[in-house]
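One letter stands for each residue in the lines below.
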Amino acid sequence: MNIAPHQAAVPDLAAVKSKQHATWSSGDYAAVGTTLQIVGENLAEAMDLRPDARVLDVAAGNGNATLAAARRHCNVVSTDYVPSLLRAGTERAAAEQLTVAFREADAEDLPFEARSFDNILSTFGVMFTANQEAAASEMLRVCRSGGTIGLANWTPESFVGDVFRIIGQHVPPPAGVRSPLEWGTEARLNELFGDQAVRIEATKRHFTFRMRSPNYWVEHWRQVYGPVRKAFAAVGDRAPQLAADLIAVARDHSVDPHAMIVPAEYAEIIIHRA
């Protein structure tokens, strides 16, 4: 009797993307995203953005990297596939009297001509795309020769990496889908961008989450952060155990026993386009 060899599961990426869209559309990501503003500022400085440069922010959320580039007098287009996040970014830009073009767009199918931009940015955004190869290919396509792609991605070893591992233990991810945390590794970045890059610079940095307590953090993110919100909805009556596991990891990472002060590692990446 012939036995067929084991084949890896082939994910339905369209279905995964649809589910992800619902996840990021839920809650109020802007309440989390705004706290990460310093990451966008640091990335803009690391990329040495110049006035009048054509800049595209991919999976921009509520616009941290967008605003950082606009403050440096760049010509910025801010994109995301969640309209409510674009509206939040629009309000922030208007409050600072910054000129930014906001456009709804899918990171895996950007509606721009090849080599349209000098610099491409994404902070904790494009790493969550369902089709990683398509997203990387699109960023390379719209970046001019000699331009740069700047990313901020959580690493597998980070606090956020541990948070997603705990969620995965309670709500297993779709079979065959690459982990977004791979975007925080040099090996995966070389796979995605190496063929069209002169060089890739990856620097480990930390963003510090500062909350009143681990318990407060879990309850807050349960309301506003899409992935956590959806995880609690999925586990039903097992929610207390999920909460306990998340509280425990926050306590483990906190450097202050009286509050939640957690340095979370991420990779700041500069890709120099060939």
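Everything that follows concerns the structure shown earlier in this document.
Keep in mind it's a predicted model, so treat the numbers as computed, not measured.

Draft legend 1. Structural context of the sheet that holds strand β1 (residues 54–57). Taken in spatial order, the seven strands line up as β3-β2-β1-β4-β5-β7-β6 in an open sheet, and their pairing is mixed. Two strands close off the open sheet at either side, each with one partner strand: β3 (100–104) and β6 (197–211). The mean inter-strand angle of the sheet, taken between neighbouring strand axes irrespective of direction, is 20°. Bridging between β1 and strand β2 (residues 75–80) involves four bridges; their strand directions are parallel. Paired with Leu56 across the two strands is Val77, which belongs to β2. Seen against the sheet, helix α5 (residues 83–95) touches β2 and β3 and runs at an angle of roughly 175° to β3.

Draft legend 2. Just helix α8 (residues 186–193), in detail. All of the buried residues in α8 are Arg188, Leu189, Leu192 and Phe193. Along the long axis of α8, the arc covered by the buried residues comes to 110°, so they all point the same way. Pointing more than 90 degrees away from the buried face of α8 are the exposed residues Glu186, Ala187 and Glu191. Contact partners of the buried residues in α8: α6 (132–142), β5 (143–154), β6 and β7 (260–273).

Draft legend 3. Broad picture of the packing of helix α9 (residues 214–224) against helix α11 (residues 239–253). It is the contact of α9 with α11, at a shortest axis distance of 9 Å, that shows an interaxial angle of 125°. Classified by the interaxial angle, the pair formed by α9 and α11 is oblique. Considering only the axes of α9 and α11, their crossing is right-handed. Of α11, the residues touching α9 (which contributes Pro214, Asn215, Trp217, Val218 and Arg222) are Ala239, Ala243, Leu246, Ile247, Ala250 and Arg251.

Draft legend 4. Broad picture of the nonpolar core. Ranked by size, the top nonpolar core spans 69 residues in total, and within it Leu151, Trp154, Phe159, Trp183, Phe193, Phe209 and Trp217 carry the most contacts. With residues up to four places along the chain from it excluded, the contact list for Trp154 reads Leu36, Phe124, Met127, Phe128, Val160, Leu181, Gly184, Phe207, Phe209, Ala264, Glu265 and Tyr266. In terms of nonpolar packing, the next biggest core, distinct from the first, is built from 18 residues, Ala65, Ala69, Val76 and Val100 among them.

Cut-offs and rules
Residues numbered from 1 in each chain as written. Predicted model: local features only at pLDDT ≥ 70, side-chain atom pairs only at ≥ 80, totals over all residues. Heavy atoms only, no water. Pairing = 2+ DSSP bridges. Helix = DSSP H or I, 4+ residues; strand = E, 2+ residues; numbered from the N terminus. Axes fitted to C-alpha atoms, helices over the stretch in contact; angles between N-to-C directions. Contact = heavy atoms within 4.5 Å. Buried < 20%, exposed > 50% of the residue type's maximum accessible area, 1.4 Å probe, protein only. Arc of directions from axis to C-beta. Parallel < 35°, antiparallel > 145°, perpendicular 65-115°, else oblique. Left-handed = near helix turned anticlockwise from the far one by under 90°. Core = buried A, V, L, I, M, F, W, Y, C linked by side-chain atoms within 4.5 Å.

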